[in-house]
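Report on the structure
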Amino acid sequence: MTNEKSNVKESIFRESKVKAPLMLDARYLRENLEAVEARLKSRGEGVDLSGFRQLDERRRELLQQSESLKALRNKVTEEISRLKDKSQAEGQKAQMREVSQQIKGLDESLRQVEEELQNFLLTVPNIPNPTTPVGRSEADNVVARTWGEPGNYSFAPKPHWEIGEELGILDFERGAKLTGARFTLYKGQGARLERALINFMLDLHTQEHNYIEMLPPFMVNRESMTGTGQLPKFEDDLFHLEGVDYFLIPTAEVPITNIHRSEILKGSDLPISYVAYTPCFRKEAGSYGKDTRGLIRQHQFNKVELVKFTSPETSYQELEKLLGNAEEVLRRLNIPYRVVELCTGDIGFSSAKTFDIEVWLPGQNCYREISSCSNFEDFQARRAGIRFRPDEKAKPEYVHTLNGSGLAVGRTVVAVLENYQQADGTVLVPEALRPYMGGVEKIG
RNA sequence: GGAGAGAUGGCCGAGUAGGUCGAAGGCGCUCGCCUGCUAAGCGAGUAUACUGGGAAACCGGUAUCGAGGGUUCGAAUCCCUCUCUCUCCGCCA
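In this text the structure is predicted, and so the values were computed from the model without any measurement.

So, the overall build of chain A
In terms of helices and strands, chain A carries eleven helices and 17 strands. With the principal axes as the frame, chain A shows a C-alpha extent of 100 × 50 × 40 Å. Total accessible area computed for chain A in this model is approximately 21,600 Å², and 47% of it derives from carbon and sulfur atoms. The average position of the 59 basic charges and that of the 66 acidic charges among the side chains of chain A differ by 4 Å.

Put into structure tokens, the structure is as follows:
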């Protein structure tokens, strides 16, 4: 196995069709620098775009110099080719030798400037949508709606780790023995429950919500990770393989969105809706001591993910639908939840707008995130070069990409265990799930 | 892992003794004509990105024949490296 460490960096830019993708539209940026800066500021982190203008001007300057020399060379070269007697051209050849040297120098400078520009733009987050509430942190998120009533328990509801261990369906100690902290072994009906939920969700989304099922690779290359925005900024959160420059996916969003990287889609094919089950691998760096018990925060967990490619005009309608599709899972399972609209300070790097679905966990007496549904607008599409032609004749435009968990499976197990626990320590199986559990009505 | 073949436009497919090739031809597609309807037929058009000019329509420049580099006044065509695909052998779920 050969490891081309030296190629790792430049490989980001190795795209066949779209060369040097710019995250935020360079021309748009050029003309709206201040406005963009102001809007990015609402995310909380100070983004300084002042370096951009200089680099951008330098780039165009070099480009023009280089291109006019190339035009000259092309002209002279053509003249030479027309000559019958090539020996007449010695003078021109010598002159063009000189020109070619100059071009080489200019192109090298250009390459450097473009790389700088690129590296900078890759670290600039998406511009929040105007409808995203402005706020600093989680505390400023807005509850959009609540569904279901948290149940009344005649006993003190237990957290899922106690329920799972007592029923012998979750084994945290052996998970840690096999691998380490934040890994869990599911046993018997626990494993069955996880699998039932996966199938239930996939069936719901494919059969009733018209998503196309995909089963992608669970590890991807650097281009894919850059396309959706995990790289270059968040490499520390990813598991990287030794020997090959591949990463374990932190979410199916990465392989599924990248399916159409560097493609021009037909406008009539939009919206495209995919659903995929995959395991997800996350280092959870920086979350030491947080959610150390139970299934909430694992290095490996299962998720059913919804992904859409849409036209810019319809992306927010599609986001509503996607969110509704994810909510439907909890409604069918009859588990209370609420929908939260994230504020500018809390949305992810690539997102323009995000709704979280938070499920009610009686064992912990709180709502916990179980799904995150986002519209990335054209941010990922730009990075990944995903475009569409509105009409046969029309120029390609960037699509909007969206995705959302539909749902995080491990956390759904948590929700089922805690919401369906009985006084005697057993857990009822939600009715919608029974066909997927071989008719089993109760665990324990 | 060993041996060989290949990578050209939406698709198929020419082009490799370097020159006017962004690239023949066909299919598809778009517009127009024709036609009682359909089919066939005729004509025109049909890549992308960056960049200069323009309010715009549009006009000009540069680049792109898997990717990167080299030789040359000039490369789809020659040389080197890499990636991917296919065939055969080995190995393997």
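From this point, things continue past the structure.
Overview of the confidence of the model for chain A
Chain-level statistics for chain A give a pLDDT mean of 90 and a share of 95% at 70 or above. Below pLDDT 50 for its whole length, residues 1-21 participates in 29 contacts with residues either more than four positions away or in separate chains. Confidence estimates for the predicted assembly give a pTM of 0.91 and an ipTM of 0.89.

Quick word on the pattern of salt bridges
Taken as a whole and judged by the stated rule, the model has 28 salt bridges. Of the charged contacts in the structure, one is a salt bridge between Glu 61 and Arg 58, with a shortest N-O distance of 3.5 Å. Of this pair, Glu 61 and Arg 58 both sit in helix 2 (residues 50-82), three residues apart, which is roughly one turn of that helix. The class of Glu 61 is partly exposed, set by a relative accessible area of 42%. Residue classification places Arg 58 among the partly exposed residues on the basis of a relative accessible area of 38%. Note that Arg 332 is salt-bridged to Glu 328, the shortest N-O span being 2.7 Å. Of the two residues, Arg 332 and Glu 328 are both situated in helix 9 (residues 315-333); the distance of four residues between them amounts to about one turn of the helix.

A short note on the protein's contact with RNA strand B
Around RNA strand B, a shell composed of 28 residues is seen, among which Arg 30, Arg 59, Arg 97, Arg 387 and Arg 389 lie nearest. Contact between RNA strand B and Arg 30: a phosphate oxygen at 2.9 Å from a side-chain N or O atom of the residue. In the model, a phosphate oxygen of RNA strand B is placed 2.3 Å from a nitrogen or oxygen of the Arg 97 side chain. Counting only elements with at least two residues in the surface near RNA strand B, the list comes to helix 1 (26-41), helix 2, helix 3 (90-121) and strand 13 (386-389). At twelve residues, the largest contribution of residues to the surface near RNA strand B is made by helix 2.

Some remarks on unusual backbone geometry
Of the consecutive residues Leu 231 and Pro 232, the connecting peptide bond is found in the cis state with omega at 5°. Within the secondary structure, Pro 232 is located in the loop between helix 7 (222-228) and strand 6 (246-248). Look at Asp 291: it is not a glycine, yet its phi comes out positive at around 45°. Mapped onto the elements of the fold, Asp 291 is located in the loop between strand 8 (272-281) and strand 9 (300-310).

Section: the sheet that holds strand 14 (residues 397-398)
Pairing is mixed in the open sheet, where three strands are placed in the order 7-13-14. Each end of this open sheet is capped by a strand with a single partner; those strands are strand 7 (263-266) and strand 14. In terms of strand pairing, strand 13 meets strand 14 through two bridges, oriented antiparallel. Residue pairing across strands places Phe 388 opposite Glu 397, the latter belonging to strand 14.

Conventions used here
- Residues numbered from 1 in each chain as written.
- Chains lettered and ligands numbered in written order.
- Predicted model: local features only at pLDDT ≥ 70, side-chain atom pairs only at ≥ 80, totals over all residues.
- Heavy atoms only, no water.
- Helix = DSSP H or I, 4+ residues; strand = E, 2+ residues; numbered from the N terminus.
- Areas by Shrake-Rupley, 256 points an atom, 1.4 Å probe, with all protein chains shown as cover.
- Lys, Arg positive; Asp, Glu negative; His and termini not counted.
- Charge placed at Lys NZ, Arg CZ, Asp CG, Glu CD.
- pLDDT = per-residue confidence, 0-100.
- Contact = heavy atoms within 4.5 Å.
- Salt bridge = Lys/Arg side-chain N within 4 Å of Asp/Glu carboxyl O.
- Buried < 20%, exposed > 50% of the residue type's maximum accessible area, 1.4 Å probe, protein only.
- Near = heavy atom within 4 Å.
- Polar contact = N/O pair within 3.5 Å; in protein donor to acceptor, adjacent residues only side chain to side chain.
- Pairing = 2+ DSSP bridges.

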